Amino acid sequence: MIPIANPIIGKEEDQAVLEVLRSGIIAQGPKVEEFEKNFADYCNTKYAVAVNSGTAALHLALMAMDIKEGDEVITTPFSFIASANCILYVKAKPIFADIDEKTFNISPKSIIEKITNKTKAIIPVHLYGQPCDMKSIMEIAEEYHLMILEDACQAHGADFNNKKVGSFGDASAFSFYPTKNMTTSEGGMITTNNKEIAEKAKIFRNHGQIKRYEHEFLGYNLRMTDISAAIGIEQLKKLDKFNQKRIENAKYLSGKLKNIKEIEVPYVQSNVKHVFHQYTVKIENGKRDEINKSLNEAGIGTGIHYPIPINDQPFYKKMGYNANETPVAKETAKKVLSLPIHPSVTRENLDYIAEKLKEILK
Ligand SMILES: *Cc1c(COP(=O)(O)O)cnc(C)c1O
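Residues numbered from 1 in each chain as written. Predicted model: local features only at pLDDT ≥ 70, side-chain atom pairs only at ≥ 80, totals over all residues. Heavy atoms only, no water.

1. Some details on the site of the ligand
So, point 1. Not every one of the 15 residues close to the ligand is listed here, only the nearest: Gly54, Thr55, Gln154, Ser175 and Lys180.
So, point 2. Interatomic distance of 2.9 Å between a side-chain N/O atom of aspartate 151 and a nitrogen atom of the ligand.
So, point 3. A distance of 2.7 Å separates an oxygen atom of the ligand from a polar side-chain atom of serine 175.
So, point 4. About the coverage of the ligand: the protein hides 93% of its 380 Å² of free accessible area.
So, point 5. Of all the cavities here, the one that holds the ligand is the largest pocket.
So, point 6. Counting only elements with at least two residues in the shell around the ligand, the list comes to helix H3 (54–64) and helix H4 (82–89).
So, point 7. With three residues, the top contributor of residues to the shell around the ligand is H3.
So, point 8. Looking at side-chain class alone, the shell around the ligand contains five nonpolar, eight polar and two charged residues. (Near = heavy atom within 4 Å. Polar contact = N/O pair within 3.5 Å; in protein donor to acceptor, adjacent residues only side chain to side chain. Areas by Shrake-Rupley, 256 points an atom, 1.4 Å probe, with all protein chains shown as cover. 1 Å grid on protein atoms, 1.4 Å probe; cavity = no way out; pocket = protein on both sides within 12 Å on 5 of 7 lines; lining within 4 Å. Sits in = over half its atoms within 2 Å of the grid points. Helix = DSSP H or I, 4+ residues; strand = E, 2+ residues; numbered from the N terminus. Nonpolar A, V, L, I, M, F, W, Y, C, P; charged D, E, K, R; others polar.)

What follows is the structure, given as structure tokens:
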């Protein structure tokens, strides 16, 4: 079986975790601080705040940005559900803009159509590791006085016009879940250049505590452990190498698949570094689910990211949403299929995937 994802943990991570376990400081401590500093340096931001998941990073960032009841936040329905749920956590209202059919990312034109006098922020999601059109999105934010929270949970190390994702928005959120481009087991990070947002995020992640047992705000326990941070410090050193392998694998597979008429290979914008968290093709003959099943039977792990747009999820429907308001996202959800290209996938694996696909489509 070629799995769709495979975290790579080496002896460096083993050693780092063991050192933390022996140190006696196993919850949030000096390793978290070191990881935050290294991650902020990597993203070229002034601050980074570590938390225990990407979802927590999104939630905490919105709290620190003071998004609240009565506010509207525009995001994409074509993402993992956390991209929109975080808006509900702070009692604000998610508004869904449609996507660009080539990049799968939120469409700036659609964002403009959804802006009202209640709109406070936009959450662009760099889906599959390809940066959104941040030039247009930053221009919209400036013109309409909106805040930006980048959902960079799939895009560690990606860049747009040579500027790293995670450094555009008022704040950004990363996830270190095991399937992502780097991992800490569970884990997440907020990056920001805004001192106030960083400070608030640190207070809210720790029960709104300003002094020991003095709680000024309603906060949560969203802290990262030093065990996770120790893994993250080692993974961050390897991230560029991991991403390079993903990019090479994606390029190789696209070369093999590009002449198959039923398959549309991923489109990469010329001014970005796409880090291929997922390698996602569109199946144009309406038989995505059958092809998916045949690939699995041939020992090829796949993923459908995502089969149901967020605005078509059962509990969003109950709130009155539906995917007819975002027709491109609705259509795209029926066509997408992710194939394995992560760093442990070999050339032979990729040859096999291409060969099987051709055979299945015959
Ligand atoms: C993984 C992911 C998240 C959530 O991260 P967790 O660490 O699983 O909480 C949020 N948004 C996107 C786009 C993701 O891919």
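That shown, we press on.
2. Observations concerning the environment of alanine 40
So, point 1. Looking at the secondary structure, you find alanine 40 in helix H2 (residues 30–43).
So, point 2. Accessibility expressed as a relative area gives 4% for alanine 40, which makes it buried.
So, point 3. For the pair alanine 40 and lysine 120, spaced 80 residues apart in sequence, the C-alpha to C-alpha distance is 25 Å.
So, point 4. If near-sequence neighbours (up to four positions away) are discounted, alanine 40 is found in contact with Thr45, Lys46, Tyr47 and Ala48. (Buried < 20%, exposed > 50% of the residue type's maximum accessible area, 1.4 Å probe, protein only. Contact = heavy atoms within 4.5 Å.)

3. Section: the layout of surface pockets
So, point 1. What the largest pocket holds in volume is close to 400 Å³.
So, point 2. In terms of lining residues, the largest pocket is bounded by 26 residues, among which Phe80, Tyr177, Thr179, Lys180 and Tyr306 are the most central.
So, point 3. Elements that contribute at least two residues to the lining of the largest pocket include exactly H3 and H4.
So, point 4. The element contributing the most residues to the lining of the largest pocket is H3, with three residues. (Points joined across faces, edges and corners; volume = space filled by probe spheres on them.)

4. Notes on a nonpolar patch on the surface
So, point 1. Taken together, Leu18, Leu21 and Ile26 make up a surface patch of nonpolar side chains, about 240 Å² in accessible area.
So, point 2. Position of leucine 21 among the secondary structure elements: in helix H1 (residues 11–23). (Patch = residues over 30% accessible without salt bridge, like charges linked within 9 Å, V, L, I, M, F, W, Y side chains within 5 Å. Salt bridge = Lys/Arg side-chain N within 4 Å of Asp/Glu carboxyl O.)

5. Focus: the domain arrangement of the protein chain
So, point 1. You can read the domains of the protein chain as domain 1 (11–234) and domain 2 (240–361).
So, point 2. Here the C-alpha centre of domain 2 lies 25 Å away from the C-alpha centre of domain 1.
So, point 3. The largest contributions to the domain 1 side of the interface with domain 2 come from Phe96, Tyr128 and Asn181, which together make up 21% of the buried area.
So, point 4. Taken together, the links from domain 1 to domain 2 amount to zero salt bridges.
So, point 5. One can count 21 residue pairs in polar contact (both at pLDDT 80 or more) joining domain 1 with domain 2.
So, point 6. Counting residues per element, the ones that place at least two in the side of domain 1 that touches domain 2 are H4, strand E3 (93–96) and strand E6 (159–160). (Domains from an automatic or database assignment. Buried area = accessible area lost by both parts, 1.4 Å probe.)

6. Describing the side chain of serine 175
So, point 1. Along the chain, serine 175 falls in strand E8 (residues 171–175).
So, point 2. Given a relative accessible area of 6%, serine 175 falls into the buried group.
So, point 3. Within the local environment of serine 175, its side chain forms a polar contact with the backbone nitrogen of tyrosine 177, the two atoms lying 3.2 Å apart.
So, point 4. Ignoring sequence-local partners within four residues, the contact set of serine 175 consists of Gly54, Cys153, His156, Lys180, Met182, Gly187 and Gly188.

7. Considering the sheet that holds strand E7 (residues 163–164)
So, point 1. The strand order across the open sheet formed by three strands is E7-E6-E13, and the pairing between neighbours is antiparallel. The strands lining the two open edges of the sheet, one partner per strand, are E7 and strand E13 (272–273).
So, point 2. In the sheet, E6 pairs with E13 via two bridges, with the strands oriented antiparallel. By the bridge assignment for E13, aspartate 159 is matched with lysine 273. (Pairing = 2+ DSSP bridges.)

8. Re the packing of aromatic side chains
So, point 1. Following the criterion strictly, the structure yields 14 aromatic pairs and no others.
So, point 2. A ring pair is formed by phenylalanine 39 and phenylalanine 174, whose centres lie 4.9 Å apart and whose planes are at 80°; its orientation type is edge-to-face. Note that phenylalanine 39 is positioned in helix H2 and phenylalanine 174 in strand E8, a separation of 135 residues in sequence.
So, point 3. Judged by its relative accessible area of 1%, phenylalanine 39 is buried.
So, point 4. A cation sits over an aromatic face here: lysine 102 above tyrosine 267, 4.4 Å from the ring centre. (Phe/Tyr/Trp six-rings, centres within 6.5 Å; stacked < 30°, edge-to-face > 60°. Lys NZ or Arg CZ within 6 Å of the ring centre and 35° of its normal.)

9. Comments concerning the pattern of salt bridges
So, point 1. Considering all chains together, one arrives at 23 salt bridges under this definition.
So, point 2. The shortest N-O distance in the salt bridge between lysine 238 and glutamate 13 comes to 2.8 Å. Here the residue lysine 238 occupies a position in helix H8 (residues 226–257), and glutamate 13 occupies one in helix H1, the gap between them amounting to 225 residues.
So, point 3. It is possible to trace a salt-bridge network through shared partners that takes in Lys11, Glu12, Glu13 and Lys238.

10. Section: the side chain of glutamine 235
So, point 1. Locating glutamine 235 in the fold gives a position in helix H8.
So, point 2. Among the residues examined, glutamine 235 registers a relative accessible area of 2% and is labelled buried.
So, point 3. Among residues more than four places away in sequence, those in contact with glutamine 235 are Ile8, Ile9, Glu13, Met182, Thr183 and Phe242.

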